[in-house]
Amino acid sequence: MTRKNKFLGYIFIVVGVLSLLAMGILERLEQKEIVRNHVASLPSFSILSIHGNLTRLEVKDKPVVLFFFHSTCEHCQEEAKYVVEHRQKLQSADVYFLSTENLADIQKFAQNYQLHPFQVGQVKDEEVSVPMGIRTFPTCFVYAKSGVLLKQFQGQIKIDAITALF
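So, here is what we can say about the structure in this document.

What counts as what
Residues numbered from 1 in each chain as written. Predicted model: local features only at pLDDT ≥ 70, side-chain atom pairs only at ≥ 80, totals over all residues. Heavy atoms only, no water. Salt bridge = Lys/Arg side-chain N within 4 Å of Asp/Glu carboxyl O. Helix = DSSP H or I, 4+ residues; strand = E, 2+ residues; numbered from the N terminus. Buried < 20%, exposed > 50% of the residue type's maximum accessible area, 1.4 Å probe, protein only. Pairing = 2+ DSSP bridges. Axes fitted to C-alpha atoms, helices over the stretch in contact; angles between N-to-C directions. Contact = heavy atoms within 4.5 Å. Lys, Arg positive; Asp, Glu negative; His and termini not counted. Arc of directions from axis to C-beta. Polar contact = N/O pair within 3.5 Å; in protein donor to acceptor, adjacent residues only side chain to side chain. Core = buried A, V, L, I, M, F, W, Y, C linked by side-chain atoms within 4.5 Å. 1 Å grid on protein atoms, 1.4 Å probe; cavity = no way out; pocket = protein on both sides within 12 Å on 5 of 7 lines; lining within 4 Å. Points joined across faces, edges and corners; volume = space filled by probe spheres on them. Nonpolar A, V, L, I, M, F, W, Y, C, P; charged D, E, K, R; others polar.

### Considerations on the pattern of salt bridges
Opposite charge on two side chains permits them to pair, given that their charged atoms come into close proximity. Throughout the structure, instances matching the rule amount to 3 salt bridges. Here Lys62 makes a salt bridge to Asp94, at a shortest N to O gap of 3.5 Å. With Lys62 in the loop between strand 2 (54-56) and strand 3 (64-68) and Asp94 in strand 4 (residues 94-99), this pair connects stretches of sequence that are 32 residues apart. Measuring nitrogen to oxygen at the nearest pair gives 3.1 Å for the salt bridge that ties Asp160 to Lys89. Within this pair, whereas Asp160 is found in helix 5 (residues 159-163), its partner Lys89 is found in the loop between helix 2 (74-85) and strand 4, the two being separated by 71 residues in sequence. The exposure class assigned to Lys89 is partly exposed, which follows from its relative accessible area of 35%.

Next comes the structure, spelled out in structure tokens:
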């Protein structure tokens with residue numbers, strides 16, 4: 001193989017790799033835009049409460065706070081304790097603690113962290129995780145009473161950061 005052919009081969013490889021990288025970046029940007037549009041207003045999805053009632057999340061002329069958790073997540077456990085301690089600051093909002101885990105684990109989490117003042121339930125992974133871009137726990141979404149997204153938080157947050165929004 002001549003030097004010229006080797007050089008052209010390397011050029012084709014580099015161009016191919018760069019093309020694949022660019023396509024991956026464009027796909028991720030498209031997915032982020034889809035998620036951003038999906039969560040821009042309060043999405044409607046099914047919630048199976050820890051009491052066995054099936055409801056749909058809907059706008060009710062009150063701010064809505066959605067805490068997505070996993071029962072074995074230490075940060076979620078700490079956030080649950082903190083939110084319960086400061087629950088009076090969230091009285092003007094509908095507050096949900098939601099997980100894709102099995103209902104027994106969610107019920108145990110709700111009992112351990114005394115989440116009875118809030119709505120606690122199971123959601124379907126395919127309705128929330130990818131469509132809402134949830135990649136880490138805890139994740140919190142705060143919606144205005146009109147249903148418009150005010151802010152999304154990843155990780156533990158302070159109640160005042162939430163209440164300052166509504």
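### Overview of the sheet that holds strand 4
Ordered in space as 2-1-5-4-3-6-7, the 7 strands form an open sheet in which the pairing is mixed. Of all the strands in the sheet, just strand 2 and strand 7 (149-154) have a single pairing partner and so form its edges. Each neighbouring strand pair of the sheet contributes to a mean axis angle of 30°, computed without reference to strand direction. Looking at chain direction, strand 3 and strand 4 are connected through 5 bridges and run parallel. The residue bridging Phe68 from the neighbouring strand is Leu98, located in strand 4. Sheet strands touched by helix 3 (residues 103-112): strand 1 (46-49), strand 4 and strand 5 (119-122). Its angle to strand 5, the strand with the most contacts, is close to 160°.

### So, the side chain of Glu79
Mapped onto the elements, Glu79 comes out in helix 2. Among buried Asp, Glu, Lys and Arg side chains, Glu79 stands out as unpaired, with Lys158 the closest opposite charge at 9.7 Å.

### Let's talk about helix 3
Residues of helix 3 that are buried: Leu103, Ile106, Phe109 and Ala110. Seen end-on, helix 3 carries its buried residues on one side only, within an arc spanning 125°. Away from the buried face of helix 3 by more than 90 degrees, exposed residues Lys108 and Gln111 are located. Of the surrounding secondary structure, the elements contacted by the buried residues of helix 3 are strand 1, helix 2, strand 4 and strand 5. Among the residues of helix 3, the N-terminal cap falls to Asn102, whose side-chain oxygen and the backbone nitrogen of Ala104 are separated by 3.2 Å. Gln114, located one to two residues past helix 3, shows a positive phi value of around 50°.

### A word on the nonpolar core
In terms of nonpolar packing, the biggest core is built from 27 residues, with Val65, Phe67, Val95, Phe97, Leu115, Cys140 and Ile162 touching the most fellow members. Among the elements of the structure, strand 3, helix 2, strand 4, helix 3, strand 6 (139-143) and helix 5 are those that each provide at least two residues to this core. Every residue in contact with Ile162, bar those within four places of it in the chain, is listed here: Val65, Phe67, Leu90, Cys140, Val142, Phe153 and Ile157. Core analysis: the next-biggest nonpolar cluster, separate from the first, contains 16 residues, Leu66, Phe68, Ile134 and Phe141 among them.

### Description of empty space enclosed by the protein
Enumeration according to the criterion identifies 1 cavity of 30 Å³ or more in this entry. There is about 40 Å³ of room inside the largest cavity. As for the largest cavity, its lining consists of Phe68, Phe69, Leu98, Ser99, Thr100, Val128, Ser129, Ile134 and Phe137. Residues that form the lining of the largest cavity fall into these classes: 6 nonpolar, 3 polar and no charged.

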